[in-house]
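# Coordinate inspection notes
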Amino acid sequence: MTRAFADLHLRVNPKDQQATQRLINRAAKFGYRLISIPFTSALREDEIAKLKATCSEAGLDFVSRADFHPRTENELTHFLRKFRRRFEIICITCDNKEVARQAAKDRRVDLLSFPSLDYRKRFFDRAEAELASNCLAALEVDVKPLLILEGPPRVRLLASLRREVAIAREFGVPLIVSSGVAEERFMRLPRDMASLAFLFGLDEASALDSVSTNPAAIVKRNREKLSSRFVAPGISIIKEGKAP
Amino acid sequence: MKRIKRRYLALQLECEGLPTERELIDAIWAAVTKLYGEVGASLTGLTLIDFDLERKVAVVRVSLVALGMVRASLATVTSIGGREAAVLVLAVSGTLKALYANTR
């Protein structure tokens, strides 16, 4: 069975239509099936609809995603209350430990992301992994820093990633490898992106899953939940009867 | 003595202008050395077999045990000969015949 590859983190500004179009075309050429461009809290339904149409023309499935960088737990819960039902993917960038713990134990969070450049702010430890595994949150790793960093910063990042990936695997936390790129020249083929996961200790099958099966499973699960027919996990409306 | 197993990789270069063979292989060696050091690079058995300037497709040979290392290193190439570039792996094969059949 052929894999449906996904890149859930193309960091292009959706307002820059030319750049967005170029990135979408390139993703289609590279064989991706699912792509996502993150929105901040300033939601524009028409922009999302336009992107969906553009992606559909290129043969891609667009996934709506919101990224948030909360400073406090309250900010996080407020954001989730407001935006969870409007986006298919919610990613929280955790800048401090309180937010990281809250994000990991909140079932409305899909992806946990940590700053690449400051390794002291990477809070994905065993406690975080345990919370995340109970709430089906996944750990997102962007490959762009691996392409642009050199020397000691890249060494530190690789060491952190290797430790985090080992913890994630121990606790069964799904891993998502995304590009995190804004420029075409840093985009890579899905299998090349998976090969970068080799650098932080993933075997070939797990690396390929992290760019295909794992992101696709999250999208599928959330689309079911956001569907009007969803009642509870495992229960959905098949047919509605007429009122007597 | 045990036979060394090898793999052939077809690489698509995405760059402005036309890099020379020397610039290409230097960029690949530099990426491997930067990631794995000189000892790691010495294990790869990396050799440039062919470089089609017209299609910007190169073929390199690597040792099977170092295939993962080389693929990861190739993905980190961002410039060739001082120009912005990317190296994409089009196909991997155990024989040149199969590789050319796959990439044509």
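Residues numbered from 1 in each chain as written. Chains lettered and ligands numbered in written order. Predicted model: local features only at pLDDT ≥ 70, side-chain atom pairs only at ≥ 80, totals over all residues. Heavy atoms only, no water.

### Let's talk about the packing of aromatic side chains
Residues and elements named next belong to chain A. What counts, and what does not: The criterion for an aromatic pair is that two Phe, Tyr or Trp rings (for Trp, the six-membered ring) have centres within 6.5 Å, with stacked assigned to planes under 30 degrees apart, edge-to-face to planes over 60 apart and tilted to the rest. Note on conventions: DSSP H or I runs of at least 4 residues are helices, E runs of at least 2 residues are strands, and numbering of each starts at the N terminus. Classification of residues uses two cut-offs on accessible area relative to the type maximum, computed with a 1.4 Å probe and protein chains only: under 20% is buried, over 50% is exposed, and between them is partly exposed.
What the rule picks out here adds up to 5 aromatic pairs over all chains. Both rings, one in Phe68 and one in Phe79, keep their centres 4.1 Å apart while their planes meet at 10 degrees; by these two values the pair is stacked. Within this pair, whereas Phe68 is found in strand S3 (residues 61-68), its partner Phe79 is found in helix H3 (residues 73-83), the two being separated by 11 residues in sequence. Judged by relative accessible area, Phe68 falls into the buried class, the value being 18%. Phe79 sits in the buried class, given a relative accessible area of 2%. Judged by centre distance (5.1 Å) and plane angle (40 degrees), the ring pair of Phe79 and Phe83 falls under tilted. One end of the pair is Phe79 and the other is Phe83, both in helix H3 and 4 residues apart, which spans about a single turn. This pair shows no difference in class: Phe79 is buried, exactly as Phe83 is.

### Regarding the environment of Ala66 of chain A
All names here are of chain A. The test is simple: Contacts are assigned to residue pairs that have any heavy atoms within 4.5 Å of one another.
Counting through the fold element by element, Ala66 comes out in strand S3. Take Ala66: its relative accessible area is 0%, and that puts it in the buried class. Distance in space between the C-alpha atoms of Ala66 and Ser195 is 27 Å, their sequence separation being 129 residues. With residues up to four places along the chain from it excluded, the contact list for Ala66 reads Phe39, Phe79, Phe87, Ile89, Ile90 and Cys91.

### A few points about a nonpolar patch on the surface
Convention followed: Two joining distances apply to patches: 9 Å for like charges and 5 Å for nonpolar side chains (Val, Leu, Ile, Met, Phe, Trp, Tyr), and every residue must have over 30% relative accessible area and no salt bridge. Working definition of accessibility: Shrake-Rupley area with a 1.4 Å probe, residue cover restricted to the visible protein chains. In what follows, salt bridge is the name for a side-chain nitrogen of Lys or Arg lying within 4 Å of a carboxyl oxygen of Asp or Glu.
Together, Val231, Ile235 and Ile237 of chain A give the surface a local cluster of nonpolar side chains, amounting to about 240 Å² of exposed area. On the basis of relative accessibility, which here comes to 31%, the residue Ile237 of chain A falls in the partly exposed class.

### A closer look at the pattern of salt bridges
Tallied over the full model, the rule gives 26 salt bridges over all chains. In this structure, the salt-bridge partner of Glu23 of chain B is Arg83 of chain B, at a minimum N-O distance of 3.4 Å. Residue Glu23 of chain B is located in helix H1 (residues 21-42), and its partner Arg83 of chain B is located in strand S5 (residues 83-93); the two are separated by 60 residues in the primary sequence. One salt-bridge network, held together by shared partners, links Arg26 and Lys29 of chain A together with Glu14 of chain B.

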